[in-house]
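Each chain, written out:
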Amino acid sequence: MASLTLSKGSNLSLTKADPGLRKAMIGLGWDPRTTAGEQFDLDASALLVRADGKVRSNDDFIFYNQLSAADGSVVHQGDNRTGEGDGDDEQILIDLDAVAPDIQKIVIVVSIDQAESRRQNFGQVRDAFCRVVNQETDNEVVRYDLTEDAAAETCMVFAEIYRHNAEWKFRAVGQGYASGLHGVATDFGISLD
């Protein structure tokens, strides 16, 4: 089965594209452009969001310091501090059958660690992508390559996995935040204090 590549704003029914998909691996990758400054450290995270657009609590923020949702439905595979090499730089595993019924979507976010002090932004990142792979078959179901220039943004919502009419769907978002992870956290009801 061939993978589908989406453009910004597009969506795809994961349920229809791969009816056997139960355990999804979200692979995220990027390469820093050559810089003479500090090394880039991009961090992937996942937010479990209700229909009201907010998390239930900070427990629904899955990232390098909190690698798993309380129910184990979403598990971060750990921090890659360099982004070097081919393939996925970070991975998030989602057991779609185990996601709590009150969770409407899982928002996939990538932020640049210490972006302000290092004067770094997504305009200095190239070849960024987000893909969904069926863990049981190793089939890549969908891929989204971020192509737009995000010169001012230090955090980016790459994609969403969401429920719609008893299906799981994937939306290529590509929304940047100049306010960094703090801006994303505030929008979704997370307290970073």
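One can find the structure itself at the top, above this paragraph.
Think of each chain on its own: its residues are numbered from 1, step by step along the sequence as written. Residues qualify for local features only when their pLDDT is at least 70, as the model is predicted, and side-chain atom pairs are given and counted only at 80 or more; totals for whole chains, interfaces and linings, by contrast, use all residues. As a rule here, side-chain values come from all non-hydrogen atoms in the structure, and water together with hydrogens is ignored.

Trainee: Now, about the sheet that holds strand β3 (residues 23-32): what can you tell me, with residues and values included?
Mentor: Two strands pair if DSSP finds at least two bridges between them. By the criteria applied, helices consist of DSSP H or I runs no shorter than four residues and strands consist of E runs no shorter than two, each listed in order from the N terminus. Ordered in space as β1-β10-β9-β3-β7-β6, the 6 strands form an open sheet in which the pairing is mixed. The open sheet has two edge strands with one neighbour each: β1 (4-6) and β6 (74-76). Looking at each pair of strands side by side, their axes are set apart by 20° on average, direction ignored. Direction of pairing for β1 relative to strand β10 (residues 139-145): parallel, over a ladder of 3 bridges. In the sheet register, Leu4 faces β10, and the bridge partner there is Val142. Angles run from 0 to 180 degrees between N-to-C directions of axes, and those axes are lines fitted to C-alpha atoms, restricted for helices to the stretch in contact.

Trainee: Could you give an account of helix α3 (residues 180-187), naming the residues involved and the relevant values?
Mentor: Within α3, burial applies to Gly180, Gly183, Val184 and Ala185. When checking whether two residues touch, look at their non-hydrogen atoms; a contact exists if any pair is within 4.5 Å. Buried residues along α3 sit in contact with β4 (42-49), β8 (105-112), β11 (155-164) and β12 (167-177). Backbone geometry just downstream of α3 places Gly189 in the positive-phi region, at approximately 85°. Burial classes: relative accessible area under 20% of the type maximum marks a residue as buried, over 50% as exposed, and values in between as partly exposed (1.4 Å probe, protein chains only).

Trainee: Tell me about the side chain of Asp60, and name the residues and values.
Mentor: Relative to the elements of secondary structure, Asp60 occurs in the loop between β4 and β5 (61-62). Ignoring sequence-local partners within four residues, the contact set of Asp60 consists of Ala46, Leu47, Leu48, Val55, Gln66 and Ile103.

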